[in-house]
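# Summary of structural features
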Amino acid sequence: MLDVTKTAVRPAHAPADHPKIAPGRVGILLANLGTPDNYDYWSMRRYLNEFLSDRRVIDYSPWLWQPLLQLVILTKRPFSSGKNYKSIWNEEAGESPLMTITRNQTAKIAWQMSERYGDQVMVDFCMRYGNPSTQSKVRAMTEAGCRKILFFPLYPHYAGATSATANDQFFRALMQEKWQPTARVVDPYYAHPMYIEALAQSIERAYASAESRPEILVCSYHGVPKRYLMEGDPYHCQCQKTTRLLRERLGWDETQITTTFQSRFGPEEWLKPYTVEEVARLAREDGKKHIAVCAPAFSADCIETLEEINEEIKESFEEAGGEHFTYIPCLNDDAAHIDALSQVIEENLSGWVA
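Residues numbered from 1 in each chain as written. Predicted model: local features only at pLDDT ≥ 70, side-chain atom pairs only at ≥ 80, totals over all residues. Heavy atoms only, no water.

### Description of the domain arrangement of the protein
- Along its sequence, the protein is carved into domain 1 (41–88) and domain 2 (193–328).
- Taken together, the twelve residues of domain 1 in the interface contact ten residues of domain 2.
- Counting each side, the surface lost to burial between domain 1 and domain 2 is near 850 Å², with a carbon and sulfur contribution of 57%.
- Put simply, domain 1 and domain 2 have one salt bridge between them.
- With its nearest N and O atoms 2.8 Å apart, the salt bridge here joins Asp59 to Arg227.
- The residue inventory of the side of domain 1 that touches domain 2, partitioned by class, reads seven nonpolar, two polar and three charged. (Domains from an automatic or database assignment. Contact = heavy atoms within 4.5 Å. Buried area = accessible area lost by both parts, 1.4 Å probe. Salt bridge = Lys/Arg side-chain N within 4 Å of Asp/Glu carboxyl O. Nonpolar A, V, L, I, M, F, W, Y, C, P; charged D, E, K, R; others polar.)

Structure, rendered in structure tokens:
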């Protein structure tokens with residue numbers, strides 16, 4: 001964090017008791033979903049309560065949902081979710097992989113921004129749920145003299161339950177500021193050429209290092225209720241376009257790649273096909289013995305990829321007769337990914353910095 005006490009000055013012609021003001025900068029605030037502080041019961045309960053109480057995530061009436069959440073779900077789910085987090089926890093750093101990866105992404109992007117813009121900009125990250133909170137980071141940026149903030153939800157695709165709720169929280173944080181900075185929000189980058197190129201390179205590397213070539217690539221995106229699509233959420237269409245652009249870049253035909261959706265929750269119908277069912281069908285009905293799975297909707301590996309894909313979905317494929325399961329990690333802090341994110345940032349800073 002910048003030491004604003006060394007650069008803050010009293011405005012010209014101001015009286016002696018006027019507070020000093022830090023010189024104007026542009027803040028670049030990256031945002032990801034969030035993570036519990038630990039995998040114990042109470043840490044998990046606090047995190048899940050904040051997450052599952054978000055009306056963007058679960059839009060059922062609070063009169064119906066909150067009693068079920070507080071009295072049933074939050075008495076049981078922290079135990080199972082905590083066990084899942086423990087299986088992937090970065091014990092050395094004392095944090096979840098999502099936190100470690102997001103911090104590394106931020107450091108590398110900050111270095112690139114410093115090389116391009118010097119001290120005109122500062123880069124930091126926040127989480128929609130848990131810590132570090134969006135409000136705390138917006139406050140830190142305004143105190144450091146950021147009169148403009150570029151808010152960047154690290155979701156390639158727009159969805160009400162991801163991008164929109166991150167934006168909501170950012171705008172709530174702005175409401176708390178006495179001197180409110182000018183703000184911009186980065187658009188989804190699901191079709192950006194550098195993002196597609198970074199995805200393609202990761203697929204090519206994984207295929208080149210595999211002992212045998214996977215028969216099909218499953219692009220598994222996080223699911224949402226189908227009702228959201230019918231109500232106007234563009235997420236499904238954006239995911240389909242990413243798969244198509246990736247296929248075209250790889251030069252494949254439609255039999256070599258498919259789109260599925262994971263992480264279904266609750267009783268209603270979600271976007272189909274469901275990944276856990278489709279990988280079993282590929283083995284049982286299509287006779288696929290070797291598949292690869294990637295997760296283009298995630299900018300960083302997390303519980304949904306490291307535990308759900310690499311354990312639950314893998315198990316579904318193998319129990320149906322599949323033999324070789326290749327998980328292709330998220331782009332994380334890969335150099336091509338950092339270059340893509342930095343390019344998106346640069347495009348969105350147009351007119352703000354020289």
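Now that the structure is up, let's keep going.
### Thoughts on the pairing of strand S7 (residues 290–294)
- Summarising burial for S7: five of the five residues are buried, a large majority.
- Burial of S7 is two-sided: the residues His290, Ala292 and Cys294 facing one way and the residues Ile291 and Val293 facing the other way are all buried.
- By the bridge criterion, four bridges tie strand S5 (residues 216–222) to S7 in an arrangement that is parallel. Following the sheet pairing, Leu217 is matched in S7 by Ala292.
- Bridge analysis of S7 against strand S8 (residues 324–327) gives four bridges, and the strand direction is parallel. Bridging across to S8, Ile291 finds its partner in Phe325. (Buried < 20%, exposed > 50% of the residue type's maximum accessible area, 1.4 Å probe, protein only. Helix = DSSP H or I, 4+ residues; strand = E, 2+ residues; numbered from the N terminus. Pairing = 2+ DSSP bridges.)

### Observations regarding the pairing of strand S4 (residues 182–185)
- In terms of strand pairing, strand S3 (residues 146–153) meets S4 through four bridges, oriented parallel. Note that in S4 the partner of Leu150 across the bridge is Arg184.
- In terms of handedness, the path from S3 via helix H5 (residues 160–175) over to S4 forms a crossover that is right-handed. (Right-handed = clockwise from strand over helix to strand, strands pointing away.)

### Side note on the packing of aromatic side chains
- Tallied over the entire structure, the rule returns 15 aromatic pairs.
- Ring plane angle 45° and centroid distance 5.8 Å describe the contact between Phe170 and Phe171, whose orientation is recorded as tilted.
- Accessibility expressed as a relative area gives 0% for Phe170, which makes it buried.
- Relative to Trp252, the ring of Tyr207 lies with its centre 5.3 Å away and its plane at 40°, an arrangement referred to as tilted. Here Tyr207, found in helix H6 (residues 193–209), pairs with Trp252, found in the loop between helix H8 (235–250) and strand S6 (257–262); they are 45 residues apart in sequence, far enough to count as distant. Accessibility classification places Tyr207 together with Trp252 in one group, the buried group.
- Every member of this aromatic cluster is reached through a ring pair, and the members are Tyr39, Tyr85 and Trp89. (Phe/Tyr/Trp six-rings, centres within 6.5 Å; stacked < 30°, edge-to-face > 60°.)

### Quick look at unusual backbone geometry
- Residue Pro132 is reached from Asn131 by a cis peptide bond, and omega for that bond is -5°.
- The linkage connecting Lys272 with the following residue, Pro273, adopts the cis geometry, with an omega of 0°.
- Within the element layout of this structure, Pro273 appears in the loop between S6 and helix H9 (275–284).
- Residues other than glycine seldom take positive phi values, yet Ser263 does so here, at roughly 65°.
- Along the chain, Ser263 falls in the loop between S6 and H9.
- Classification of Ser263 as buried rests on a relative accessible area of 15%.
- Non-glycine residue Asn332 carries a positive phi angle of around 50°.

### Some thoughts on the packing of H9 against helix H10 (residues 303–319)
- Packing of H9 against H10 leaves a shortest axis separation of 7 Å and a crossing angle of 25°. Taken together, the axes of H9 and H10 are roughly parallel relative to one another. Relative to H10, H9 is oriented so that their crossing is right-handed. Facing H9, whose interface residues are Thr275, Val276, Val279, Ala280 and Ala283, H10 presents Glu312, Ile313, Ser316 and Phe317.
- Across the contact of H9 with H10, the residue classes break down as six nonpolar, two polar and one charged. (Axes fitted to C-alpha atoms, helices over the stretch in contact; angles between N-to-C directions. Parallel < 35°, antiparallel > 145°, perpendicular 65-115°, else oblique. Left-handed = near helix turned anticlockwise from the far one by under 90°.)

### Focus: the sheet that holds S5
- What the four strands build is an open sheet, ordered S6-S5-S7-S8; its pairing is parallel. Whereas interior strands pair on both sides, the edge strands pair on one side only; in this sheet they are S6 and S8. Pairs of neighbouring strands in the sheet enclose a mean axial angle of 25°, with direction left out of account.

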